[in-house]
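Descriptive structure summary
So you can see what is in the structure, the chains are spelled out below.
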Amino acid sequence: MLPLEGITVVALEQAVAAPFATRQLADLGARVIKVERVDGGDFARAYDADVRGGLGTHFAWLNRSKESVALDLKRDEGRAILAELVAGADVFLQNLAPGAAARLGFGADGLRARDPRLIVVDMSGYGTRGPYRDKRAYDMLVQAEAGLISVTGTPETPVKAGSPLADIAAGMYAFSGTLAALVRRGTTGEGAAIEVTMFDAVAEWMSQAMYTTLYTGSVPPRTRLSHPVICPYDAYPTADGVDVVIGVQNDRGWAALATGVLDRPDLVTDPEYATNRARVRNRGKVDAIVAGVTSAMDRAELLRRLDEAGVANASLNDGHGLIAHPQLAERDRWREVGSPVGAIRAIRPPITFADVEARMDPVPALGEHTEAVLRELGRDGADIARLSGSGTVRLHAEAPPAT
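In what follows, the accompanying structure is described. Since we're looking at a predicted model, the values are computed, not measured.

1. Observations concerning the packing of aromatic side chains
Applying the stated rule across the entire model yields six aromatic pairs. Centre to centre, the rings of Phe43 and Tyr47 are 5.9 Å apart; their planes meet at 55°, and the pair counts as tilted. Given the relative accessible area of 37%, Phe43 is considered partly exposed. Ring geometry for Tyr126 against Tyr132: centres 5.3 Å apart, planes inclined by 75°, an arrangement best described as edge-to-face. Classification of Tyr132 as partly exposed rests on a relative accessible area of 34%. Following the ring pairs from residue to residue traces out a cluster consisting of Tyr126, Tyr132 and Phe199. Over the aromatic face of Tyr132 sits the side chain of Lys135, whose NZ or CZ is 5.3 Å from the ring centroid. The ring of Trp334 has Arg345 sitting right over it, with the charged end atom 3.9 Å from the ring centre.

Printed below as a string of C-alpha cells:
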C-alpha cells in the first residue's frame, strides 16, 4: 500500500509549481483531481508539442497519475461542482493569481470554516501580502528577483538556471508542507492553511549567498562552473575533448588529488596551495596546474585515476548522456506511462520505497475524467449532457487540442 492511498487532493492548478507538488502526492498514492479550464485546460499542455508531436514536455512530466476534470468556474454551476469536489477532499491546492481563488469562493478561511480538517495550500509568486503581491511571477522572473541569477553564469554574463528552479523549489515546499499537515491532522484532527511562494522558496535556497553578503558586504562572484569559496571545483579538459568535473571539498581531498592524480606531492605542503583558502586566493594557478595534467589524459583514464585516488568527480553530461546513463539503467529507473499521444518513457520518482512501487499512471487528456467524476457526485446522464451542452463542463470526447 502506498503511503497516501485514501487521500484525495483537489488541485486548481496550472503551469509548473503546483502540478509538481501534486504529481508527487499522486506518486505516493493520493488521488489527485486536476481541475482545468474548459477552453484548453492547463496552459502547460501547449508550451510545446515535443512529446510524440502532440503533448507538451512540461505537462507530460508533471501530470501523470491525475484525473482531469474540465470546469468553467465563471459559471455558478461550475463553482458548485468544484465545491462538491472540495467537500470530499483532504487537500485543496491552488496556484491561481493571488486572491483569485478567494474571489471564486475558495479562500482558505472560508473553506476551513466549513471543514476544519481540510488542508488548504495556496501557492503564488510573492504571497498575499506585501508590495509585490500582485506582481506577475514566472520562473525566470523570480530567479532574477530573488538573486539566483546574480550568482549563476560567467563574470561577464548572468544566466538563469536551465531547469525551472523557482517552480521546482516552491513545488517541493508545497509537497513537504502538505505531508507535514497530513501527519499533524492524523494526530490532532486539525487541518491547515499553508502558503508557499516561489520567492520565499528561492530566497531560502539563496541563504548561503545571503550570509556571504550580510557578513562580508560583498556579493558572491559569478564563477562559471567553479565555486566561489572552494578550489579546485570546476570542469577540466581531457585529451579527447570531453570535460570532467573535479570537486575538492577539503584539504584531504586536495592531498589525494595532488599525490594520486597530479603526481605533485609537493603541492600538499606548499603554502600557496596547502589550504583551501590559499587555493582560492591562487585559483588561476591551481586551475592551470590541474588542467595541465588532465588535458594529457583521455576521459576514461582521468575518471579511473580520480576514482582510484578517491577524488570526487563527474562527467559533464548533456541530455543524451543522462538518458543513456548506466546508473539509471542498472537501478531500473525507467518506466513507460500512458498518455493521450501513446506510451512515453519516464523515470521513477526519487522517493523509492523498498516494499511498494510508486504510482505511475497515464497522463490525462483534457476532461478525460469529467464524466466519471460527475457520476460519482450523483449526476445522471441527462444532467451531464446538460452541463456539457451549456459549456459548464467539457467531456473528453469534446475536448479539442489545447491552443
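2. Structural notes on the layout of surface pockets
In this structure, the largest pocket spans a volume of roughly 640 Å³. Lining the largest pocket are 27 residues, and of these Gln14, Phe43, Asn95, Ala137 and Tyr138 sit closest to its centre. Of all elements in the fold, only strand 5 (119-124) and helix 7 (165-188) reach the threshold of two or more residues within the lining of the largest pocket. In terms of residue class, the lining of the largest pocket is made up of 16 nonpolar, five polar and six charged.

3. Remarks on the environment of Phe106
Within the element layout of this structure, Phe106 appears in the loop between helix 4 (100-103) and helix 5 (108-114). Between the C-alpha atoms of Phe106 and Gly292, which are 186 residues apart in sequence, the distance is 63 Å. For Phe106, the contacting residues outside a window of four places in its chain are Arg79, Leu82, Ala83, Val86, Phe92, Ala101 and Leu111.

4. A few points about the nonpolar core
Most often, soluble globular proteins keep nonpolar side chains buried together rather than apart. The biggest cluster of nonpolar side chains holds 37 residues, and the ones touching the most others in it are Val121 and Met123. Among the secondary structure elements, those contributing two or more residues to this core are strand 1 (8-12), helix 1 (17-27), strand 4 (91-94), strand 5, helix 7, strand 6 (192-197) and helix 8 (198-205). Sorting elements by how many residues they give to this core places helix 7 first, with seven residues. In this structure, Ile81, Leu85, Leu96 and Val393 belong to the second largest nonpolar core, which totals 27 residues.

Analysis parameters
- Residues numbered from 1 in each chain as written.
- Predicted model: local features only at pLDDT ≥ 70, side-chain atom pairs only at ≥ 80, totals over all residues.
- Heavy atoms only, no water.
- Phe/Tyr/Trp six-rings, centres within 6.5 Å; stacked < 30°, edge-to-face > 60°.
- Buried < 20%, exposed > 50% of the residue type's maximum accessible area, 1.4 Å probe, protein only.
- Lys NZ or Arg CZ within 6 Å of the ring centre and 35° of its normal.
- 1 Å grid on protein atoms, 1.4 Å probe; cavity = no way out; pocket = protein on both sides within 12 Å on 5 of 7 lines; lining within 4 Å.
- Points joined across faces, edges and corners; volume = space filled by probe spheres on them.
- Helix = DSSP H or I, 4+ residues; strand = E, 2+ residues; numbered from the N terminus.
- Nonpolar A, V, L, I, M, F, W, Y, C, P; charged D, E, K, R; others polar.
- Contact = heavy atoms within 4.5 Å.
- Core = buried A, V, L, I, M, F, W, Y, C linked by side-chain atoms within 4.5 Å.

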